[in-house]
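Below, each chain spelled out in residue letters.
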Amino acid sequence: MAVNSNTVETFDVTTLREDLQEALEMVSATDAPFMSAIDKRSVSNTLFEWPEISLAAVNGSNRVSEGEATPGNDAATLPIRVQNYTQISDKMVEVSDTAEAVNGASDAQSIAEQVALKLKELKRDMETMLTANVAAAAGSSGTARTTAGLGAWVKTNTNKGTGGAEPTTSGSGNAGYPNAARTDGTLRTITEAMMNDVVKQCWDEGAEPTLMMVGSAVKQKVSSTFTGNSTRYKSADDARLQGAIDVISTDFGEISLVPNRFSRARDAWILDPNYAQIAYLQETKQQDIARTGHATRKLISCEYGLQVTEKGHGLIADVQG
């Protein structure tokens, strides 16, 4: 089809404005199931401690005669001192005065938007480290301290693959801080029997787990293979195929099945959120840093550690989708 001469067409124009959405679309996920499920507390030192107490074993022969004259003393029930270190995590933002002044699409280049995005990135970093299999470390001048992640805590209620070994602590029994992380074993397929085993262990130790936290592949495996008293919270519509398990009904209560993008794919956690906290020495803050010529700098940081009563949780280790 002919076009009249000197007709202006888009093919000839070099000044067309780009088609950018004014609202910045962010694909990256920022949900943090573990951090969202547990509480937080404040601490006052980089090495923070908390007491953990266990009752004496049940005495099935605790019978004494009427009027006993000299009952013997029972061993005192005393707490142990459990420890962890705090660690510092930060994000630095630097934006030029010109970038702040221009009218950008969604203003993603502005200092305010960059700070908001870095806060989301910091949250993802924290979720990853708090669920990691990393031992605690005191650090030194020029070397960062490390808070022990969840993987280095839980050693009582576990079901692990061949060759796997439990983490250790710096003190006797469960006292002190985790000084060696878990040794990973041979990967195997998760089964309902593994889950029931760990849930039972947790319950026997006094916990009441309500959360099963897994990676994406294991979430699909559970949804497709677990058949026991599994329930689906979302009722199926005529036009919707429901294939996901949201809640598992066990002999010891219902457990919500939650996928976590940032925990290790090989770890399937059975959690009682009442027995874990994020301990903050310094809560998340924003500070102005000295300008560098024509640019503004801001530092976002926090100092925190993980507090865990390890018998309150369980781990199905070394699983694959």
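My aim in this report is to walk through the structure given alongside it, one point at a time.

Cut-offs applied
- Residues numbered from 1 in each chain as written.
- Predicted model: local features only at pLDDT ≥ 70, side-chain atom pairs only at ≥ 80, totals over all residues.
- Heavy atoms only, no water.
- Pairing = 2+ DSSP bridges.
- Helix = DSSP H or I, 4+ residues; strand = E, 2+ residues; numbered from the N terminus.
- Axes fitted to C-alpha atoms, helices over the stretch in contact; angles between N-to-C directions.
- Core = buried A, V, L, I, M, F, W, Y, C linked by side-chain atoms within 4.5 Å.
- Buried < 20%, exposed > 50% of the residue type's maximum accessible area, 1.4 Å probe, protein only.
- Contact = heavy atoms within 4.5 Å.

## Quick word on the sheet that holds strand β15 (residues 295-308)
Pairing within the open sheet is mixed, and its 4 strands lie in the order β1-β14-β15-β4. With partners counted over all chains shown, the strands left at the sheet margins are β1 (39-42) and β4 (87-96), one partner each. For this sheet the average axis-to-axis angle between neighbouring strands, irrespective of direction, equals 30°. As paired strands, strand β14 (residues 276-289) and β15 are joined by 11 bridges and run antiparallel to one another. Across the sheet, the residue bridging to Gln287 is Leu299, located in β15.

## With respect to the nonpolar core
In terms of nonpolar packing, the biggest core is built from 38 residues, with Phe34, Leu150, Trp153 and Leu306 touching the most fellow members. Ignoring any residue separated from it by four or fewer positions in sequence, one finds Leu150 in contact with Phe34, Leu130, Thr131, Ala132, Trp269, Leu271, Leu306 and Val308. Membership of the second largest hydrophobic core comes to 19 residues, among which are Met195, Val214, Ile248 and Val319.

## Focus: unusual backbone geometry
Phi is positive for Asp318, which is not a glycine, with a value near 60°. Here Asp318 lies in the loop between β16 (314-316) and β17 (319-320). We classify Asp318 as buried; its relative accessible area is 1%.

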